[in-house]
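In case you want the letters, here they are:
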Amino acid sequence: MTMRRGYMGCSRPIGNGRGLDMEIVYGRTEEPEGNRDYIPVDLTEETMDEHFRKVLGKMEEEGLDTLVIYGDREHGANFAYLTGFEPRFEESVLVMHKDGSCYLLLGNENLKMAEYSFVKAEVVHVPYFSLPCQPMGEGRSLTELMASAGIRDNRKIGCAGWKYFTERREEKNKLFDIPAFLMDAVREINIHGETVHAGGIFLHPLSGVRHIVNANELAHYEFGAGLASARLLEAYDSIEPGGTEMEVADRLSAFGQPTSVTTICAAGARFTGGVVFPRNKKIALGDKFSLTLGLRGGLSSRASYVAEKREDLPQEARDYLEKVAIPYYKAAVTWFEMIGIGASCGDVYRKIEEVLPKEEYHWVLNPGHFTGQEEWTASPFYPASPVVLQSGMLLQMDIIPSVPGYGGAGAEDGIAIADEKMQKEIKEKYPQTWARMEKRKKYMRDCLGICLRDEVFPMSDMCGYFRPYILKRDYALRKRK
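Rules used in this analysis
Residues numbered from 1 in each chain as written. Predicted model: local features only at pLDDT ≥ 70, side-chain atom pairs only at ≥ 80, totals over all residues. Heavy atoms only, no water. Buried < 20%, exposed > 50% of the residue type's maximum accessible area, 1.4 Å probe, protein only. Helix = DSSP H or I, 4+ residues; strand = E, 2+ residues; numbered from the N terminus. Pairing = 2+ DSSP bridges. Polar contact = N/O pair within 3.5 Å; in protein donor to acceptor, adjacent residues only side chain to side chain. Expected span 1.5 Å × (residues − 1). Axes fitted to C-alpha atoms, helices over the stretch in contact; angles between N-to-C directions. Parallel < 35°, antiparallel > 145°, perpendicular 65-115°, else oblique. Contact = heavy atoms within 4.5 Å. Phe/Tyr/Trp six-rings, centres within 6.5 Å; stacked < 30°, edge-to-face > 60°. Lys NZ or Arg CZ within 6 Å of the ring centre and 35° of its normal. Arc of directions from axis to C-beta. Patch = residues over 30% accessible without salt bridge, like charges linked within 9 Å, V, L, I, M, F, W, Y side chains within 5 Å. Areas by Shrake-Rupley, 256 points an atom, 1.4 Å probe, with all protein chains shown as cover. Salt bridge = Lys/Arg side-chain N within 4 Å of Asp/Glu carboxyl O. Core = buried A, V, L, I, M, F, W, Y, C linked by side-chain atoms within 4.5 Å. pLDDT = per-residue confidence, 0-100.

### Regarding the pairing of strand β5 (residues 92–97)
Of all 6 residues in β5, 6 are buried, a share of seventy percent or more. Neither face of β5 is open: one carries Ser92, Leu94 and Met96, the other Val93, Val95 and His97, and all of them are buried. For strand β4 (residues 66–71) and β5, the ladder comprises 6 bridges, and the chain directions are antiparallel. Paired with Tyr70 across the bridge in β5 is Val93. In the sheet, β5 pairs with strand β6 (residues 102–106) via 5 bridges, with the strands oriented antiparallel. Looking across to β6, one finds that Met96 is bridged to Cys102. Counting the residues that bridge the hairpin from β5 to β6 gives 4 residues, and of these Gly100 lies at a positive phi of roughly 95 degrees.

### Side note on the side chain of His97
Mapping His97 onto the fold places it in strand β5. Side chain to side chain, His97 and Thr66 meet in a polar contact 2.9 Å long.

### Things to note about helix α6 (residues 215–236)
Under the 1.5 Å per step criterion, the end-to-end length of α6 is 31 Å for 22 residues, consistent within 8% with the ideal 32 Å. Of all 22 residues in α6, 21 are buried, a share of seventy percent or more. Looking at where α6 begins, the residue whose side-chain oxygen comes 3.1 Å from the main-chain nitrogen of Asn216 is Asn214.

### Observations concerning the sheet that holds β4
Strands sit in the order β7-β6-β5-β4-β8-β9 across an open sheet of 6 strands; the sheet is mixed. The open sheet terminates on both sides in strands that have one partner only, identified here as β7 (122–125) and β9 (194–197). Pairwise comparison of adjacent strand axes, ignoring direction, gives a mean angle of 20 degrees for this sheet. As defined by bridge partners, β4 adjoins strand β8 (residues 156–160) across 4 bridges and the pair is classed as parallel. Bridge pairing in β8 places Val68 opposite Cys159.

### Considering the packing of helix α11 (residues 420–429) against helix α12 (residues 431–448)
Close contact between α11 and α12 brings their axes to 5 Å; oriented N to C, the two are set at 120 degrees. Of the possible angle classes, the one that applies to α11 and α12 is oblique. Residue-level contacts link Gln423, Ile426, Lys427, Glu428 and Lys429 of α11 to Pro431, Thr433, Trp434 and Met437 of α12.

### Some words on the packing of aromatic side chains
According to the stated counting rule, one finds 11 aromatic pairs in the structure shown. Centre to centre, the rings of Tyr26 and Tyr475 are 5.4 Å apart; their planes meet at 55 degrees, and the pair counts as tilted. You can see Tyr26 sitting in strand β3 (residues 24–28) and its partner Tyr475 sitting in strand β17 (residues 475–479), a full 449 residues away along the chain. Ring plane angle 50 degrees and centroid distance 5.3 Å describe the contact between Trp434 and Phe457, whose orientation is recorded as tilted. Here Trp434, found in helix α12, pairs with Phe457, found in strand β16 (residues 456–458); they are 23 residues apart in sequence, far enough to count as distant. We note that Trp434, like Phe457, is buried. Each residue in the set Tyr26, Tyr469 and Tyr475 is aromatic and connected to the rest through ring pairs, giving one cluster. Directly above the aromatic system of Trp363 lies the positively charged group of Lys358, at a separation of 4.6 Å from the ring centroid. Stacked on the ring of Tyr475, the Lys or Arg Lys472 has its end atom at 4.9 Å from the ring centre.

### Some details on helix α4 (residues 180–189)
Along α4, the residues classified as buried are Leu182, Met183, Ala185, Val186 and Ile189. One face of α4 carries all of its buried residues, which in axial projection span an arc of 160 degrees. Exposed and oriented more than 90 degrees from the buried face of α4 are Ala180 and Glu188. Buried residues along α4 sit in contact with β4, β5, α3 (142–147), β8 and β9.

### Some points on a nonpolar patch on the surface
A cluster of nonpolar side chains, Phe271, Val275, Val276 and Phe277, forms an exposed patch at the surface whose accessible area comes to about 360 Å². By relative accessible area, Phe271 is classed as partly exposed at 45%.

### Focus on the nonpolar core
Among the nonpolar cores identified, the biggest contains 81 residues, and Phe289, Leu291, Trp335, Ile339 and Leu395 are the most heavily contacted of them. The element that contributes the greatest number of residues to this core is helix α8 (residues 320–338), accounting for 12 residues. Residues within four places of Leu291 in sequence aside, it is in contact with Leu232, Ala235, Tyr236, Ile239, Val248, Leu252, Ile264, Cys265, Ser300, Ser301 and Arg302.

### Some details on the pairing of strand β14 (residues 394–397)
Burial along β14 is two-sided: Leu394 and Gln396 and Leu395 and Met397, pointing in opposite directions, are all buried. Judged from the 2 bridges that link them, strand β13 (residues 369–370) and β14 form a sheet pairing that is antiparallel. Of the residues in β14, the one forming a bridge with Phe370 is Leu395. Inspection of the sheet shows β14 paired to strand β15 (residues 410–417) by 4 bridges, in the antiparallel sense. Its bridge partner lying in β15, Leu395 is registered against Ile415.

### A closer look at the confidence of the model for the chain
The predicted coordinates of low-pLDDT regions are not to be read in fine detail. On average, residues of the chain carry a pLDDT of 93, and 94% of them reach 70 or more. Segment residues 1–9: pLDDT under 50, and 21 contacts once partners within four positions in sequence are set aside and those in other chains are kept. Here residues 11–18 is a poorly scored stretch, pLDDT under 50, and it has 24 contacts once near neighbours within four places are set aside; other chains count.

### Regarding the environment of Gly193
If you trace the backbone, Gly193 turns up in the loop between α4 and β9. Taking the C-alpha atoms as reference points, Gly193 and Ser207, separated by 14 residues in sequence, lie 25 Å from one another. Once residues within four sequence positions are removed from consideration, Gly193 is found in contact with Asp153, Asn154 and Arg155.

### So, the pattern of salt bridges
Inspection of every chain in the model, using the stated rule, returns 29 salt bridges. Between Arg302 and Asp413 there is a salt bridge; the shortest N-O distance is 2.7 Å. Of this pair, Arg302 sits in strand β12 (residues 298–305) while Asp413 sits in strand β15, and the two are 111 residues apart along the sequence. One exposure class covers both Arg302 and Asp413, and it is buried. Notably, a salt bridge pairs Lys309 with Asp312, separated by 3.2 Å at the nearest N-O pair. Each of Asp37, Glu222, Arg436, Arg440 and Asp461 takes part in one network of salt bridges that share partners.

Okay, here's the thing in structure tokens:
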């Protein structure tokens, strides 16, 4: 079989034949070291100018006269891609015109943010965006306020909220993910024009502008992804029978950084009483356990059992290692080793289905997705996907088996793809980021047997590390070299 030389001495066969014949072993394994030197990397003016030019270019490609970009506290990533900030407390709208002129529509408590926006824009005060019972100002209608932002009739207007709807012919431009009161105002003005959904500008799996980042953005997001993993590793190692979910979750504190998903720290049955946050619940030997922390840039998650050996598990689940954990880990390793420039996302999906058959392991979501400002922006991994991976993509391995009678198996983390040019820039401009990524890559190769391609770099301190029995801290799964 033809072989090629991979990263730092890893030899791997060319093609997609790996996976079924891979041997996964459970044995003594060095634990990864959580990094302590995380310092935020801000986005630069050059990066934000690049964002503006990319979006303006997409508007021209799609023939848009105007782009209306909605944001709120939970759904502000597309808005922040251009302004640099996510709305606080209120809704906000950025209106971009094809000539490059912009308007920021802001409520009472976001008006002060206009001066900090990277996009220079005329400000329109929209008290309708403010919290209930606050002053309503001049009393102009929302339609009048939208018109004052340059929105006109007989135009092609794109509306982007926070997501991209998978295209179905019968639903095209019928679904919009911004509030109805805003859509009503746009349609009332643009009676004779065309109003279309434009979320694909940002998030389309093939062409979304947010799915290719530069070196500055990669370093910016590595801070959040790495910090989340370091905190998760600390919490992971603190799990003990007799402790509580809240005591473990307290170790997930991350300098007040905003989370991208609800923090999970759950022992035994989850969601009892409708509670999704960590509780003052005692942890017991043999409990299933789920632990997740997501920050801007990536998420780390682990799911297995509070146990030291198989006899600690419930009687009916004592073959968990063979039935669930090892097959899952084989699929995870397959995913990590397939990712790289030129890889077909359709092939990745097909291979994961082959290694971990959906019919048996009941995973229902995509086996991986794009990540960044949000935990899940969109996914290129779906049946017959035409997406080919490129430099600048941030991806998260996210395979979720669900086998009746057993607890979950999860070791979710993110990676970045960077070609030689980007690697050189990261090494020169962000040496701490580079050193952490190289350290993680070496750990995956030397301790876990996972051979990443030259252009693939772990964003998480825990990448590839999975303990089926949480309490057996010197043992983990790994690929036999």
